[in-house]
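So you can see what is in the structure, the chains are spelled out below.
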Amino acid sequence: MTSVTRCVFGDLPGGGAVETFCLQSDFVKAEIISFGCIITRLETKDRDGNFSDIVLGFDDLKGYINKHPYFGAVVGRVANRIAKGKFTVDGQNYLLPINNGPNSLHGGLKGFDKVLWTPEVLENGVRFSYTSADGEEGYPGELRVWVTYTLSGSELSVHYKAQTSVTTPINVTNHSYFNLAGQGAENIYDHEISIDAEHYLPVDDTMIPTGEVATVQGTCFDLRKPVNLGNQMGKLQINGYDHNFCLSVTQKPQHCARVYHKPSGRVLSVCTTQPGVQFYTANFLDGSLKGKGGAVYPKHSALCLETQAWPDAVNKPQFPNTLLHPGEEYNQTTLFNFSLQ
Ligand code: BGC
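Remember, predicted model here, so these are calculated numbers, not experimental data.

Analysis parameters
- Residues numbered from 1 in each chain as written.
- Predicted model: local features only at pLDDT ≥ 70, side-chain atom pairs only at ≥ 80, totals over all residues.
- Heavy atoms only, no water.
- Helix = DSSP H or I, 4+ residues; strand = E, 2+ residues; numbered from the N terminus.
- Rg over C-alpha atoms; globule rule 2.2 N^0.38 Å.
- Buried < 20%, exposed > 50% of the residue type's maximum accessible area, 1.4 Å probe, protein only.
- Core = buried A, V, L, I, M, F, W, Y, C linked by side-chain atoms within 4.5 Å.
- Contact = heavy atoms within 4.5 Å.
- Near = heavy atom within 4 Å.
- Polar contact = N/O pair within 3.5 Å; in protein donor to acceptor, adjacent residues only side chain to side chain.
- Areas by Shrake-Rupley, 256 points an atom, 1.4 Å probe, with all protein chains shown as cover.
- Pairing = 2+ DSSP bridges.

Peer 1: Hey, could you run me through the overall build of the protein in this one?
Peer 2: Counting its secondary structure elements, the protein contains two helices and 27 strands. A compact globule built from 341 residues should have a C-alpha radius of gyration of about 20 Å, and the protein, at 19 Å, falls within 12% of that. Projected onto its principal axes, the C-alpha coordinates of the protein cover approximately 60 × 50 × 40 Å. A burial count over the protein gives 57% of its 341 residues as buried.

Peer 1: What's the story with the nonpolar core in this structure? I'm lost.
Peer 2: General note: in soluble globular proteins, nonpolar side chains tend to be found buried as a group. One finds Leu42, Trp117, Tyr149, Ile195, Phe245, Phe279 and Leu305 to be the most contacted residues of the largest nonpolar core, which totals 59 residues. With five residues, the top contributor of residues to this core is strand β13 (residues 143-152). Setting aside residues up to four positions removed in sequence, Leu42 forms contacts with Val28, Lys29, Ala30, Ser52, Asp53, Ile54, Val55, Leu156, Phe178 and Phe338.

Peer 1: How should I be thinking about the site of the ligand in this particular structure?
Peer 2: Taken together, Tyr70, Asn80, Arg81, Leu105, His106, His175, Tyr177, Asp242, Gln278, Tyr280, Phe284 and Glu306 make up the full set of residues near the ligand. Contact distances for the ligand include 2.5 Å between an oxygen atom and a side-chain N or O atom of Glu306. Computed on the free molecule, the ligand has an accessible area of 310 Å², of which 95% lies beneath the protein chains in the complex.

Peer 1: Is there a simple way to think about the sheet that holds strand β22 (residues 254-261) in this case?
Peer 2: Two orientations exist for strands paired in a sheet by backbone hydrogen bonds: parallel and antiparallel. With antiparallel pairing, the nine strands of this open sheet are ordered in space as β11-β12-β13-β14-β27-β23-β22-β17-β20. Strands with a single pairing partner mark the edges of an open sheet, and in this sheet they are β11 (118-122) and β20 (227-228). As paired strands, strand β23 (residues 266-272) and strand β27 (residues 330-340) are joined by seven bridges and run antiparallel to one another. Bridging from a neighbouring strand, Ser269 pairs with Asn337 of β27.

Structure (structure tokens):
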């Protein structure tokens, strides 16, 4: 049984009430707000039955309105990067706001994470809808989007649906930052991870995929067997992980990643229909944000598993398609399952 309750979270400066939707089962309590479809709290049990909040975030709306690294939010219209903020569809050139080095990141200056969505309470969850106007943040076509969160026992499901009036690239994901020790814990070095991917996408120095689909074999990207993140990240030549792992495209959600935190016994398993997952170890957190309960969030204090289309796919015809045409429907599902070991 899942209970769903709603209450006021805060008021937007320009007007508009933001509500919290609290989804609760015997195993999981999730709080999701109508601003950015943000998961603001996610409590799960440890092996002694004690609940802890395992996602990073803020205590109040102000934190989410201010610039922040997309804590818990739904990002779009196109998650991750589009090189130089440029692409061409049907012979027409489009220019997006540049907000990350020379590139456009996570939908632009006011992406899906910064807008108020319209909620609808469901029996076991909440559905949010939003209409992104033609030309919003430089993207073509009016796009209608629905994000549905449902909780069933120990599984939180996120379903994304969209329809467009003009052909547009689309790539929507959720950007939760997990720390299975409980948010506010210093790092994720005591977490173990596995990702079921044989290939990953190497990136250039502006974080745009080079176009190569590289084998993980013999590299630090081979996470097919569980590795301890402390050991593994100590070996890296890089700042941490911030890479797309390539998955096989499926109609039904397929298992793609598992995270295990031995001290608490918490396990997070992720299944998805999406063709990729961005594994990001919060390399750009620097302890400067004031998080929930006064927590500070240093570098590597969380990890993200952003199930998604491959970055910059709109400029790389060899990557799985991200164009949505009028008359088609975009449908993607990601399942976050919480268990104990
Ligand atoms: C990107 C990172 C970025 C983070 C927060 C991730 O999806 O891959 O490079 O820093 O989001 O914006």
